[in-house]
Amino acid sequence: EGHERVVGWALGGLARSEKAMLKEILKGLREQFGRLGDWMKVLVMDRGYWGAEFLGALKREEGIDYVTRARDGEVDVVKDAEGLARLDSTIWHEVPEPHSRLGNMLVRLAGFAGLPLYDENDVDHGPCQVVIAEEFDLKRQRLAERPRFHYVTSLPLDPANAQSVQQIRS
């Protein structure tokens, strides 16, 4: 609310890479408006996982934060967050949330700060934060048709609600 939004879009065939199209969109925005970080604060990507190298470069080179969903459970940062989520010391939070198709629900969240963001060559492009989200009905029954979501971000998590890797390790 109260902030300008910029929406970039590109059309392409099914075989065209979303990552390539996003890079074209960002290049066009850069050419038209200058360095992304000078006018954009956060890039929210609701499709796919863009890779550690790409995400790290957004933060490091462009100076913008990112929020995206992890591609799948095989991404190293997701494996790390899942391992931390299994610890007895993990703090979970529940928040009510309206959903346009599923109605009112409870979302259970756990956030982890300071996780390394590795690429396929084991190069660290992090740190990043990961939030795990699960959806439940109001009777606290897990919505089986809904996956467990893993959000990867460079934004800081609320310190009162996040668990840092350093805290967990000590």
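Refer to the preceding data block for the structure.
Structure report, in brief. Owing to the predicted nature of the structure, the values given are computational and were not obtained by experimental measurement.

Quick look at the overall build of the protein chain now. Looking only at helices and strands, the protein chain has 4 helices and 7 strands in total. Its helices and strands taken in sequence order, the protein chain reads α-β-α-β-α-β-β-β-β-β-α from the N to the C terminus. Relative to its length of 170 residues, the protein chain is compact, with a C-alpha radius of gyration of 17 Å against a globular reference of 15 Å. Viewed in the frame of its principal axes, the protein chain has a C-alpha envelope of about 50 × 40 × 35 Å. Relative to its full complement of 170 residues, the protein chain shows a buried share of 38%. Of the side-chain charges in the protein chain, 23 are positive and 28 negative, and the distance between the mean point of each set is 2 Å.

A separate point is unusual backbone geometry. Note the cis peptide between Gly126 and Pro127, where omega equals 10°. Within the secondary structure layout, Pro127 lies in the loop between β4 (103–115) and β5 (128–136). The phi dihedral of Asp122 is positive, around 60°, even though this residue is not glycine. Note that Asp122 resides in the loop between β4 and β5. In this structure, Arg140 is a non-glycine residue whose phi angle is positive, near 65°. Positionally, Arg140 belongs in the loop between β5 and β6 (149–153).

Another point: the packing of helix α1 (residues 18–33) against helix α2 (residues 52–62). Running from amino to carboxyl end, α1 crosses α2 at an angle of 10°, the nearest separation of the two axes being 13 Å. By the angle between their directions, the pair α1 and α2 is classed as roughly parallel. For the pair α1 and α2, contact is made by Lys19, Leu22, Lys23, Leu26 and Arg30 and by Phe54, Leu58 and Glu62, respectively. By residue class, the composition of the contact of α1 with α2 is 4 nonpolar, no polar and 4 charged.

So, about the pattern of salt bridges. Evaluation of the coordinates by the stated rule reveals 11 salt bridges. One salt bridge in this structure joins Arg30 and Glu62, with 2.8 Å as the shortest N-O distance. With Arg30 in helix α1 and Glu62 in helix α2, this pair connects stretches of sequence that are 32 residues apart. The buried category is assigned to Glu62, whose relative accessible area is 12%. Measuring nitrogen to oxygen at the nearest pair gives 2.5 Å for the salt bridge that ties Arg146 to Glu135. Pair noted here: Arg146 is in the loop between β5 and β6 and Glu135 is in strand β5, with a separation of 11 residues, a long-range link.

Each value, and the rule that gives it
Residues numbered from 1 in each chain as written. Predicted model: local features only at pLDDT ≥ 70, side-chain atom pairs only at ≥ 80, totals over all residues. Heavy atoms only, no water. Helix = DSSP H or I, 4+ residues; strand = E, 2+ residues; numbered from the N terminus. Rg over C-alpha atoms; globule rule 2.2 N^0.38 Å. Buried < 20%, exposed > 50% of the residue type's maximum accessible area, 1.4 Å probe, protein only. Lys, Arg positive; Asp, Glu negative; His and termini not counted. Charge placed at Lys NZ, Arg CZ, Asp CG, Glu CD. Axes fitted to C-alpha atoms, helices over the stretch in contact; angles between N-to-C directions. Parallel < 35°, antiparallel > 145°, perpendicular 65-115°, else oblique. Contact = heavy atoms within 4.5 Å. Nonpolar A, V, L, I, M, F, W, Y, C, P; charged D, E, K, R; others polar. Salt bridge = Lys/Arg side-chain N within 4 Å of Asp/Glu carboxyl O.

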